[in-house]
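Reading the structure
These are the residues of each chain, in order.
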Amino acid sequence: MANTMKIPSRELWSYFGYGLGQCFSFGLVGSFINYFYTDVLGISALAASTIFLIARAWDAVHDPLFASFMDTINSRFGKFRHFLLIAPLLITGVTLLSFYKIEADTTTKILYAGATYILWGTLYAISDIPFWSMSSVMTNDSGERTRAVTAAMLGVNAGIACANIFFPKLAAFFAQYSNDKGYFMAALVMMLVGLPLMLNGFLQIKERVPPSPEKVTMRDTFRNLRQNKPLFIILLSFFFCVFHNVANGIYIYFFIYNMGDASLQMVIGLMGIVAAVVCLVAPMLTRKMQKRKLFMILCGLDIAVRVVMWFAGYHHTAVLFLLLGLSTLFVMMSNILTSSMIADTIEYAEYHTHKRCAAITFSGQTFTGKMSVAVGGGLIGLFLTLIGYVPQAQTQSDAVLNGLFFGVCLLPAIGSLIRIGFMSRFTFTEEKHAEICRLLADRRHALQQE
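Residues numbered from 1 in each chain as written. Predicted model: local features only at pLDDT ≥ 70, side-chain atom pairs only at ≥ 80, totals over all residues. Heavy atoms only, no water.

Below, the discussion takes up the pattern of salt bridges. Applying the stated criterion across every chain, the model contains five salt bridges. Glutamate 11 is paired through a salt bridge with arginine 208; the nearest N and O atoms lie 2.4 Å apart. One end of the pair, glutamate 11, is in helix H1 (residues 9–41); the other, arginine 208, is in the loop between helix H6 (183–204) and helix H7 (218–227), and 197 residues separate them in sequence. Overall, the relative accessible area of 24% leaves arginine 208 in the partly exposed class. One salt-bridge network, held together by shared partners, links Glu435, Arg438 and Asp442. (Salt bridge = Lys/Arg side-chain N within 4 Å of Asp/Glu carboxyl O. Helix = DSSP H or I, 4+ residues; strand = E, 2+ residues; numbered from the N terminus. Buried < 20%, exposed > 50% of the residue type's maximum accessible area, 1.4 Å probe, protein only.)

Okay, here's the thing in structure tokens:
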């Protein structure tokens, strides 16, 4: 096997495209499903929060089991690639079901919302876990792997941003033809664009790293996960984007009632795309600074920006969006770093267990990301209830308006502070990763000599 495996630019663009198409779905559900449940389907915020928490309890069982199974199998397409063929069709179908407004009594609506949301989370894992795991088999070169992870994360961020840009406009256009505020038709258009992007990813992305000759059992995968101590610190740091996810879900309420213009949600999406482009400098920054240190600096900058935002208020729209744009950039770049660090921990666990299990490692990222969004969704319902939000009201009280601004402004700053605390305990630096890679290479060489 060659010492390095360079990934062609066309393939990196296809990897980016798969993440883009997949995260049309993630962006729609993450940013709009709570509002759809409360103000379109007509169920209570408390019922919506309960659905989110039940779904994540199921994911805690399903995601690692599915990932451990994935680590034990191979097919003629490779170890992970074949999942990228069927998953796009499944995600498209379940996303549309999630945004379909049924005409029924309240109990039936709650059951329907719960069933479709839980199914969405289950099927999304069948796409997201192999999608991220592909970065570990596209190349055996750490520098090329960083390029792949960066392309994937930029696609993910761009997909979420596009959902925020285009979905509100599409929904407003179709609202005149439907009684669901245009949500289903808008979701249909978004997913019909995303589907070919995902299928193209299956066609173009290649696996170059052959599977380990040693058979991996499901027991091996869970032992591998338990031994991966650095992974859990990264996942905790990643999870506490939960307060940013609360803010993402509150934006639509904030723009409707505080700013008087729901279409401003589109600006959030535009900022996400701009930030994704700027994030291309991330690999260059990591060559000059430890990822851990850079992560903590970015979180500190996010806190500073949001404190300034609170004192500046929201009546100066340009200033508000400038500060939100900076925050978006800092958070997005920090999440690129977490994905890259997660990939590095695969070698850590392999060194300690003698088994290479990429899927179970990246299942942690998939589950944590969904848990963060779901807990955020649950907290949105609780938060709206606490500040006295009245669903479908024409206006809200001053207490609600102030509460909404606090939710989009200072709650994320609390999350960034917690993330700094967890990352300060992370010790698996690039130097230690390089040493483990050297030891693994020596071990493989010794096995070949035998």
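So that's the structure; there's more coming.
For the rest of this paragraph, the subject is the nonpolar core. Leu28, Tyr37, Phe99, Tyr117, Tyr183, Phe254 and Leu404 are the most contacted members of the largest nonpolar core, which totals 148 residues. Element by element, the count of residues in this core is highest for H1, at 17 residues. Look past the residues within four positions of leucine 28 in its chain and what remains in contact with it is Ile33, Thr95, Phe99, Ala163, Phe167, Ala187, Met190 and Met191. (Core = buried A, V, L, I, M, F, W, Y, C linked by side-chain atoms within 4.5 Å. Contact = heavy atoms within 4.5 Å.)

Turning next to helix H17 (residues 430–449). When the terminal C-alpha atoms of H17 are compared, their 29 Å separation across 20 residues agrees well with the 28 Å that a helix rising 1.5 Å per residue should span. When H17 is considered as a whole, its buried residues turn out to be His433, Ile436 and Leu440. For H17, the buried positions fall inside an angular range of 65° around the axis, keeping them on one side. In this structure, the buried side of H17 is in contact with helix H13 (317–353). (Expected span 1.5 Å × (residues − 1). Arc of directions from axis to C-beta.)

Its location among the elements puts arginine 81 in the loop between helix H2 (45–71) and helix H3 (83–98). One buried charge, arginine 81, has no salt-bridge partner; the nearest side chain with opposite charge is glutamate 207, at 6.8 Å. Here phenylalanine 202 takes part through its backbone oxygen, which lies 2.8 Å from a polar atom of the side chain of arginine 81. Residue contacts for arginine 81: discarding those within four places in its chain leaves Met134, Phe202, Leu203, Ile205, Lys206 and Glu207. (Lys, Arg positive; Asp, Glu negative; His and termini not counted. Polar contact = N/O pair within 3.5 Å; in protein donor to acceptor, adjacent residues only side chain to side chain.)

Once that is clear, we can look at a nonpolar patch on the surface. Together, Trp58, Val61, Leu65, Phe69 and Met218 make up a nonpolar patch on the protein surface, roughly 440 Å² of accessible area in all. Looking at which element gives the most residues to the nonpolar patch, the answer is H2, with four residues. Relative to the assigned elements, leucine 65 resides in helix H2. Its relative accessible area of 41% is what places leucine 65 among the partly exposed residues. (Patch = residues over 30% accessible without salt bridge, like charges linked within 9 Å, V, L, I, M, F, W, Y side chains within 5 Å. Areas by Shrake-Rupley, 256 points an atom, 1.4 Å probe, with all protein chains shown as cover.)

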